[in-house]
Amino acid sequence: TRSTRPQRMLKAVQKNATKGNPQSVISAIDYFCKNSEWAMNVGDEKGSILDSVVTEVNPSTVLELGTYCGYSTVRIARLLSPGTKLITLEFNPAYAAVARQIIAYAGLQDKVTLVEGSSGEWIPQIKERFGITTFDFIFLDHWKDQYLPDIKLFEECGLLRKGSVLLADNVICPGAPDYLEYVRNSPRYESRYYPAHLEYTKLEDGLEKSVFLG
Ligand SMILES: CCNc1ncnc2c1ncn2[C@@H]1O[C@H](/C=C/CNC(=O)c2cc(-c3ccc(F)cc3)cc(O)c2O)[C@@H](O)[C@H]1O
Ligand SMILES: [Mg+2]
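Residues numbered from 1 in each chain as written. Chains lettered and ligands numbered in written order. Predicted model: local features only at pLDDT ≥ 70, side-chain atom pairs only at ≥ 80, totals over all residues. Heavy atoms only, no water.

**Details of the nonpolar core**
Consideration 1: Counting 44 residues, the largest nonpolar core has Met-9, Ile-29, Ile-76, Ile-102 and Phe-137 as the members making the most contacts within it.
Consideration 2: In this structure Phe-137 touches Leu-50, Val-53, Val-54, Val-57, Pro-59, Thr-61, Val-62, Leu-63, Ile-76, Val-165 and Leu-167, once residues within four positions along its chain are discounted.
Consideration 3: Grouped together as the second largest cluster of nonpolar side chains are 29 residues, Leu-65, Ile-138, Leu-160 and Ala-176 included. (Core = buried A, V, L, I, M, F, W, Y, C linked by side-chain atoms within 4.5 Å. Buried < 20%, exposed > 50% of the residue type's maximum accessible area, 1.4 Å probe, protein only. Contact = heavy atoms within 4.5 Å.)

**Details of the coordination of the magnesium ion (ligand 2)**
Consideration 1: Bound to the magnesium ion (ligand 2) are the protein donor atoms Asp-141 (OD), Asp-169 (OD) and Asn-170 (OD1), situated 2.0 to 2.2 Å from the metal.
Consideration 2: Sequence positions of the donors to the magnesium ion (ligand 2) reduce to the motif D-x27-D-N. Separated by 29 residues along the polypeptide, Asp-141 in the loop between strand 4 (137–140) and helix 8 (147–156) and Asn-170 in the loop between strand 5 (165–168) and helix 9 (171–175) bring together distant segments of the chain. Summarising the burial analysis for this pair, Asp-141 and Asn-170 share the class buried. (Donors = N, O, S within 2.8 Å, 3.2 Å for Na, K, Ca; no water. Helix = DSSP H or I, 4+ residues; strand = E, 2+ residues; numbered from the N terminus.)

**Examining the confidence of the model for the chain**
Consideration 1: The predicted model of the chain averages 98 in pLDDT, with 100% of residues at 70 or higher.
Consideration 2: Prediction confidence for the complex, expressed as pTM and ipTM, is 0.99 and 0.99 respectively. (pLDDT = per-residue confidence, 0-100.)

**Here we look at the site of ligand 1**
Consideration 1: In the neighbourhood of ligand 1, 23 residues make up the surrounding shell, with Glu-90, Ser-119, Asp-141, Asn-170 and Glu-199 lying closest.
Consideration 2: The contact in question runs from an oxygen atom of ligand 1 to an N or O atom on the side chain of Asp-141, over 2.9 Å.
Consideration 3: With respect to ligand 1, the side chain of Lys-144 contributes an N or O atom lying 2.9 Å from an oxygen atom.
Consideration 4: Protein chains bury 81% of the 800 Å² of accessible surface belonging to ligand 1 in isolation.
Consideration 5: A majority-of-atoms criterion places ligand 1 in the largest pocket.
Consideration 6: Listing elements by their share of the shell around ligand 1, those giving two or more residues are strand 2 (86–90) and helix 9.
Consideration 7: In terms of residue class, the shell around ligand 1 is made up of 10 nonpolar, 8 polar and 5 charged. (Near = heavy atom within 4 Å. Polar contact = N/O pair within 3.5 Å; in protein donor to acceptor, adjacent residues only side chain to side chain. Areas by Shrake-Rupley, 256 points an atom, 1.4 Å probe, with all protein chains shown as cover. 1 Å grid on protein atoms, 1.4 Å probe; cavity = no way out; pocket = protein on both sides within 12 Å on 5 of 7 lines; lining within 4 Å. Sits in = over half its atoms within 2 Å of the grid points. Nonpolar A, V, L, I, M, F, W, Y, C, P; charged D, E, K, R; others polar.)

**Considerations on the pairing of strand 4**
Consideration 1: Side chains Phe-137 and Phe-139 project from strand 4 onto one buried face, and the interleaved Ile-138 and Leu-140 project onto a second face that is buried too.
Consideration 2: As paired strands, strand 1 (residues 62–65) and strand 4 are joined by 4 bridges and run parallel to one another. Counted as the bridge partner of Leu-63 is Ile-138 from strand 4.
Consideration 3: Pairing between strand 4 and strand 5: 4 bridges, direction parallel. Directly across from Phe-139, in strand 5, lies its bridge partner Leu-167.
Consideration 4: Once you follow strand 4 into helix 8 and on to strand 5, the crossover reads as right-handed. (Pairing = 2+ DSSP bridges. Right-handed = clockwise from strand over helix to strand, strands pointing away.)

In structure tokens:
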């Protein structure tokens, strides 16, 4: 049967990247998406903004919602200080399987815990299952209509502390209007929009960074 786009992306990484070199994996995926097949990775332009926020926060505890093929997982994990691990949630087993291989090809498997399951099911279990009290940094890039329910779940589960940083992809395209309205109007968040473009296109998109104020 015909391969899937994530499988073709993995092949491109194995063909064009250098094992153990995260930057070459990132570049190979961006090249594949610009020259062969568009895919919904955060991409190089928004990815650079993601890099700068991760570097600024220098988090000890990190959560990503929506691994997909692991592109942003690799971008984040390559910047974490030694001994720091990130948890990434992905509920599609086929995507998770590709992501594990891409993360391993980058040599970052020891810095990543990929959990196969849905955010709604897993967020309430994180404290007990992973011994985490609060997250320093959260990257939201899963289904856009799930951003708002999940940020409320973070609050309910006590997973945010004063200064926790949430960074959301696609707040313009495809858009997460209810999430934007919430973080921009809630007195409990200080929000800022980073304008950019939809990955590999000239369409407008951007990232919203929201700091929890406690
Ligand atoms: C049920 C909610 N909980 C979830 N828990 C765990 N994993 C989840 C969850 N939702 C979705 N996922 C996974 O996250 C990923 C979903 C991402 C959704 N992203 C988008 O739709 C998206 C879409 C576009 C886009 C933009 C313009 C277009 F014309 C077409 C597509 C661009 C992006 O950057 C995107 O992130 C998948 O791997 C999915 O299996
Ligand atoms: Mg996205």
